[in-house]
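# Examination of the molecular architecture
So you can see what is in the structure, the chains are spelled out below.
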Amino acid sequence: MIKTICIALLIVLSGCWQAKPVISLPSRPNLLIILVDDLGKEWVSHYGAADISTPAIDALARSGITFTNAYAMPQCTPTRVSLLTGQYPYRHGWVNHWDVPRWGGGAHFDEKRYPSLGREMKNAGYTTCIAGKWQIDDFRVEPDALTKNGFDAYCIWTGYESGVAASANRYQNPYLYTKEGSSTHNGEFGPDVFKRFIIDFIQENKEKPMFIYYPMVLTHTPFVNPPDSKEVDDLGRHKAMVAYSDRITGDLVKALEDAGVQDNTLIIWTTDNGTTGAITGHRNGFSVPGGKAKTIESGINVPFLVSWPEKISANRVSDALIDFTDIFPTCLELAGIPEKKQRDSENERFEIDGFSFRDVLIHGDQSSQRNWILAMGGGNNAALTENGVENQYMFRDRVVRNKQYKLYINSKQEPEKFIDLLADPMETTNLLDSLHTEERMRHFHQLREIIPTFPEKDSDPKYTPNPAQTWDVPITEQSQVWKKQ
């Protein structure tokens, strides 16, 4: 009798096991990218800033990895396009800042000509959201630009649209674009609107894999007082804006916690370039003028923090080399898309310059795929020609570095400065005429040998021109003829 009961019980249990098989699948995290505008390490207390406290950002850093060698580009447009595409500016062509809503000229981020992170994440099954700053499309001309780039939900400052005075406002009474169109949000503070939009998105989609891209408008000029702040000078208002960015960071982390998804959410917190040159901070005993638009370390070596409680141990510091082209392949690999250096879309083949740093997150610095990182010169060195927007220089100046040494390369593709960053973090001494040791000579040659791997001519922005508009800037240069060597 007992034997019969046991056999029957085993049959029942076997049926249950067959009905509900245990399948082990790789965990796909939610992804939240927070990109602060114009903020260097000298304004994050976790990185040694002396003039401010950023407790929420510091707490996020302690929960995961602090990167010390992460390169952005020195200005807005090149950094953001590199993040979206996984390509360097010499390849995607947005070498210089070009403010599409303000200057037009038919230019836009043509999703048919580029890989696009939002679209890739959407295709991978993620529910996608963007809030904050875009500025590489004019929503008057392309109202579906964000949808075409893969975003299900969006709340965006339009950028300054020529001829629309209200569109200058990103802070008080912001002029924002959503699925309902563009309008002024009277009585609101723009960063609060973006924050609420993201928090609502998290609550509504917490049962799905989420990809959230939050390119903040803070802390970019104009210097303003956030709510509850009454500072009277630019430095005071700048500090208040940084503190408000910190508060928003904490609110978003809490929203993930409240939704029960924080443990399986990977957060990248970083900035698009250094602080505006109008502001000086202090860090690790040095006075640090803002480095925006320059390829000095304070302009391009940005704060870069990654938290993922389920997978990344806390309180790690990494000197692994990463740059903004690496964000694209890392997100794709985390989404379960195999890393490839070429990606095909429609009739285009896209080259990817970045390398996934997923294994650095999971296994440690020894898993880095990089021996060098790169940043290219900033500024508004672009103009409209009869063939579209072009960059001023055939070959834009750039820097390459390893963990210790940095090589400046001029527009003639020649070494210009060689710096030992460990001995000289403020970059005061050019060692090009002091290559007297075997170690210096070896590192110099290693970095110099990267120069021939670059195309001899940088790309210009690639796009099928949008229809001409009355606010387009005039053609001022003759295509290719105006370029400098």
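Calculation rules
As a convention, each chain's residues are numbered from 1 in the sequence order in which they are written. Confidence filtering applies because this is a predicted model: local features only for residues at pLDDT of at least 70, side-chain atom pairs given and counted only at 80 or more, and all residues used for totals across whole chains, interfaces and linings. Note that water and hydrogens are dropped before the side-chain values are worked out from all heavy atoms of the structure. For two strands to be treated as a pair, DSSP must find at least two bridges joining them. Each helix corresponds to a stretch of at least 4 residues labelled H or I by DSSP, and each strand to a stretch of at least 2 residues labelled E; elements are numbered beginning at the N terminus. For every element, the axis is a line fit to its C-alpha atoms; helices are fit only across the contacting stretch, and the angle between N-to-C directions ranges from 0 to 180 degrees. Detection works on a 1 Å grid of protein atoms alone, calling trapped sets that fit a 1.4 Å probe cavities and calling open sets with protein on both sides within 12 Å along at least five of seven lines pockets, with lining residues defined by an atom within 4 Å of a point. Grid points are joined across faces, edges and corners, and a volume is the space filled by probe spheres set on the points. Here the nonpolar group is Ala, Val, Leu, Ile, Met, Phe, Trp, Tyr, Cys and Pro; Asp, Glu, Lys and Arg are the charged ones; every other residue, Gly included, is treated as polar. UniProt positions are given in the numbering used here, feature names are shortened, and annotations may be inferred rather than shown by experiment. Under the scheme applied here, a residue whose accessible area is under 20% of the maximum for its type counts as buried, over 50% as exposed, and between as partly exposed, the area being computed with a 1.4 Å probe on protein chains only. Working rule for contacts: check all heavy atoms of both residues, and any pair within 4.5 Å makes them a contact.

### Brief notes about the sheet that holds strand β20 (residues 415-420)
The four strands lie next to each other as β15-β18-β19-β20, forming an open sheet whose pairing is antiparallel. The open sheet terminates on both sides in strands that have one partner only, identified here as β15 (373-376) and β20. Ignoring which end each strand starts from, the neighbouring axes of this sheet average 15 degrees apart. Relative to strand β18 (residues 398-401), β15 is paired through four bridges, and the arrangement is antiparallel. The residue bridging I373 from the neighbouring strand is R401, located in β18.

### Here's the deal with the layout of surface pockets
In this structure, the largest pocket spans a volume of roughly 650 Å³. What lines the largest pocket is a set of 25 residues, and nearest its centre among them are R283, E297, N301, P425 and M426. Of all the secondary structure elements, the ones that give two or more residues to the lining of the largest pocket are β2 (65-71), β10 (286-289) and α10 (297-300). Per-element accounting of the lining of the largest pocket gives the leading share, three residues, to β10. Of the residues contributing to the lining of the largest pocket, the split by class is nine nonpolar, seven polar and nine charged. Counted as a void, the second largest pocket has a volume near 260 Å³. Considering the residues around the second largest pocket, the lining is formed by 15 residues, among which H97, D99, Q135, R170 and H220 are closest to the centre. A class-by-class count of the residues in the lining of the second largest pocket yields five nonpolar, five polar and five charged.

### Side note on the UniProt feature "domain: Sulfatase N-terminal" (unreviewed entry) in the protein chain
When the UniProt feature table is mapped onto this chain, "domain: Sulfatase N-terminal" (unreviewed entry) is found at residues 29-337. Each end of residues 29-337 is marked by a C-alpha atom, and these two atoms are 13 Å apart; helix forms 29% of the span and strand 22%.

### Regarding the environment of G274
Along the chain, G274 turns up in the loop between β8 (265-271) and β9 (280-283). Note on G274: relative accessible area 0%, which makes it buried. With 156 residues separating them along the chain, G274 and G118 place their C-alpha atoms 25 Å apart. Each residue touching G274, except ones within four places of it in the same chain, is listed here: D38, L39, G40, K292, S298 and G299.

### Some details on the pairing of strand β4 (residues 153-157)
Each regular strand shows side chains that alternate between the opposite faces of the sheet. Within β4, five of the five residues are buried, leaving the element largely enclosed by the surrounding structure. On β4, burial covers both faces: A153, C155 and W157 on one face and Y154 and I156 on the other are all buried. Where strand β3 (residues 127-133) lies against β4, five bridges are found, and the strand directions are parallel. From the neighbouring strand, K133 faces β4, where its bridge partner is W157. Looking at chain direction, β4 and strand β5 (residues 175-178) are connected through two bridges and run antiparallel. Looking at β5, one finds that W157 is bridged to L176.

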